[in-house]
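Read off the chains here:
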Amino acid sequence: MNLLNTLVDKGLRRETPTREEALAVLATSDDDVLDVVAAAGRVRRHWFGRRVKLNYLVNLKSGLCPEDCSYCSQRLGSDTGILKYSWLKPEEASKAAAAGLAGGAKRVCLVASGRGPTDRDVERVAGTIAAIKERHEDVEVCACLGLLSEGQAERLRAAGADAYNHNLNTSEATYGDITTTHTYADRVDTVRKAHAAGLSACSGLIAGMGESDEDLVDVVFALRALDPDSVPVNFLIPVEGTPLAAEWNLTPQRCLRILAMVRFVCPDVEVRIAGGREVHLRTLQPLALHLANSIFLGDYLTTEGQAGRADLEMIADAGFEVEGADEVTLPAHRAAAGGGCGAHEGAGACGSHGDGGACGSHRGEGAGCGTEAGGAGCGGRAGAAGSTAAESVAESAAAGADAARTDAVRTDAARTDAARTDLVAVRRRGAGTDLAPNA
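Everything numeric in this text was worked out from a predicted model, so none of it was measured.

1. Some points on the nonpolar core
Now for step 1: Membership of the largest hydrophobic core comes to 101 residues, with the highest contact counts inside it found for Val58, Phe235 and Phe264.
Now for step 2: By residue number, the principal contributor to this core is helix H10 (residues 252-265), which donates nine residues.
Now for step 3: Once residues within four sequence positions are removed from consideration, phenylalanine 235 is found in contact with Ala207, Leu250, Cys255, Ile258, Leu259, Ile273, Gly275, Gly276, Arg277, His280 and Leu281.

In C-alpha cells:
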C-alpha cells in the first residue's frame, strides 16, 4: 500500500504526514488493519525498539469535582458509585506507589480530581513527592492536578516533579460539547505552563466520545504542535451515570487504527495506551504494543484495569521487554536537544525544551527506579531477577477515500453490539481502600 510506505518513510525521518494521510489511516478497512499495524510498528521499533515503559497511577483525591466533563465519573453531580475521598496522606500515597514500582513501573502519576490545585494543594503534593522519592529517589513523578495557576508549575518542579499531565482530550471545535466549565484554551495554557517551568509535558486525548475522524486528526496535530514528551491515548470507558454512558463507538480494529495514526503523526514521542485498553482492545491488546511504547500498569482512576501479572505476561509473550530504570525512554536526538528528565548522564534539567525535551529514566543518579532499602531493584527486563520483596509485591499486584472512510465507519457501527459492557468495573481496590491494587 503506497500510503503506508509513504508514512513509514516520513516516520523514520520525523516528517509530519499531511492531514489527508492521517485521515486515510483512520479510513482503512478491517481487512488492512494488520498491514497498518505492521507499518506503524516499523516506526515504533525504529525509535523505541521493543521496550515498553510501565507507568502507575496513584489517585490522590477521588470524586468531589466541580467540573462537568461529560466523560468523567468524578464530574459535578455524578452518581456513578465511585469511591470518593479527600487527599491521601504522603505515606499512604508512597505505599500505593511502591506496589506499582515493584511491578516494574518507572513512572508514578499522581492524580487529583478538581478544576486545579490551590497553593495548599501544591504543598500537599510536594510532601507526597518527597515521601515517594525518599524511598525511590530515581523514580519519575508526573503530577496531574488540573489547570495550573501562575507559579504553580515552577513550585511543582522545585518540589521534585519531573512531568505534568494535562490532556487536550478532543478537538478545539468539539471541546465545548463535552465540557462547559473550562475551555480548550485553558488546557493548552496549562500544557504551556508546564513546558515553561521545565517540566516534561504529557498531554493526550480520549477517543470514542462520538467524535469524527477529522476531530481525532485535529487533536493529534494540535498535540504535535505543543510537542509533549508523552501522548497518552485513552479510549472512553462509558461509565453508567455519566452523559456518555451509551457511547460505545469503538472496536478493537478502530482502536488500532487510532494508535497507528498517532504514531505516524508523533513518531518519536512516547505514545502510551491509557484508560480503556482492556475494554476496547480486549484480546488484541498485544497488537497495540507494536504501536505504543508505554502502558499503565494496574488500575486507572475510578475503573479497574487488567491484573499486573497479566500485563507483564502479555508484554513478554508478545516479544517485548519492560523498559529498565537505567534506560532513557525517548530517542537520543530528543534527549540531546532538551536535556529532559533522565536524558543524559548527570542531573540535567527535566523537560527543558529546545527542539524537543526528553523524559526517560535517571542516569548517573545511582539506584534504579523503585529501589528499596537493602538494594532490591525493580523495573528490570522481562525475565531478569528481582528482589524477593519486589517479587512478593509484584505477585500481590498480579492477585484514503470518502468511500473507504464510509465503509470503515459502517463496519464499526455494525459491530457496536459487541461492546463488552461487562468489562467495565468501577474501582474498589488500591489507594483509598483497604484492598491491595489488582487484588
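Anyway, onward from the coordinates.
2. What to know about the packing of helix H3 (residues 33-48) against H10
Now for step 1: The interhelical angle for the contact between H3 and H10, taken along N-to-C directions, is 40 degrees, at an axis separation of 9 Å. Classified by chirality, the crossing of H10 by H3 is left-handed. Side by side, H3 and H10 meet where Val33, Val36, Val37, Ala39, Ala40, Val43, Arg44 and Phe48 of the first sit next to Gln253, Leu256, Arg257, Ala260, Arg263 and Phe264 of the second.
Now for step 2: Per-class residue counts for the contact of H3 with H10 are 10 nonpolar, one polar and three charged.

3. Quick word on the pairing of strand S7 (residues 230-235)
Now for step 1: In terms of burial, S7 is a largely internal element, six of the six residues being buried.
Now for step 2: Burial along S7 is two-sided: Ser230, Pro232 and Asn234 facing one way and Val231, Val233 and Phe235 facing the other are all buried.
Now for step 3: Direction of pairing for strand S6 (residues 205-207) relative to S7: parallel, over a ladder of three bridges. Residue pairing for S7: leucine 205 is matched across the bridge by valine 233.
Now for step 4: Pairing geometry for S7 and strand S8 (residues 270-273), over four bridges, is parallel. The residue of S8 that forms the bridge with valine 233 is isoleucine 273.
Now for step 5: Chirality of the crossover, the property in question, places the unit of S7, H10 and S8 among those that are right-handed.

4. What about unusual backbone geometry?
Now for step 1: One non-glycine residue, asparagine 169, lies in the positive phi region at around 75 degrees.
Now for step 2: Among the secondary structure elements, asparagine 169 is positioned in the loop between strand S4 (163-165) and helix H7 (175-178).
Now for step 3: When its relative accessible area of 4% is taken as the criterion, asparagine 169 is described as buried.
Now for step 4: For arginine 282, which is not glycine, the phi torsion reads 50 degrees and is therefore positive.
Now for step 5: Among the secondary structure elements, arginine 282 is positioned in the loop between helix H11 (277-280) and helix H12 (285-288).

Calculation notes
- Residues numbered from 1 in each chain as written.
- Predicted model: local features only at pLDDT ≥ 70, side-chain atom pairs only at ≥ 80, totals over all residues.
- Heavy atoms only, no water.
- Core = buried A, V, L, I, M, F, W, Y, C linked by side-chain atoms within 4.5 Å.
- Buried < 20%, exposed > 50% of the residue type's maximum accessible area, 1.4 Å probe, protein only.
- Helix = DSSP H or I, 4+ residues; strand = E, 2+ residues; numbered from the N terminus.
- Contact = heavy atoms within 4.5 Å.
- Axes fitted to C-alpha atoms, helices over the stretch in contact; angles between N-to-C directions.
- Left-handed = near helix turned anticlockwise from the far one by under 90°.
- Nonpolar A, V, L, I, M, F, W, Y, C, P; charged D, E, K, R; others polar.
- Pairing = 2+ DSSP bridges.
- Right-handed = clockwise from strand over helix to strand, strands pointing away.

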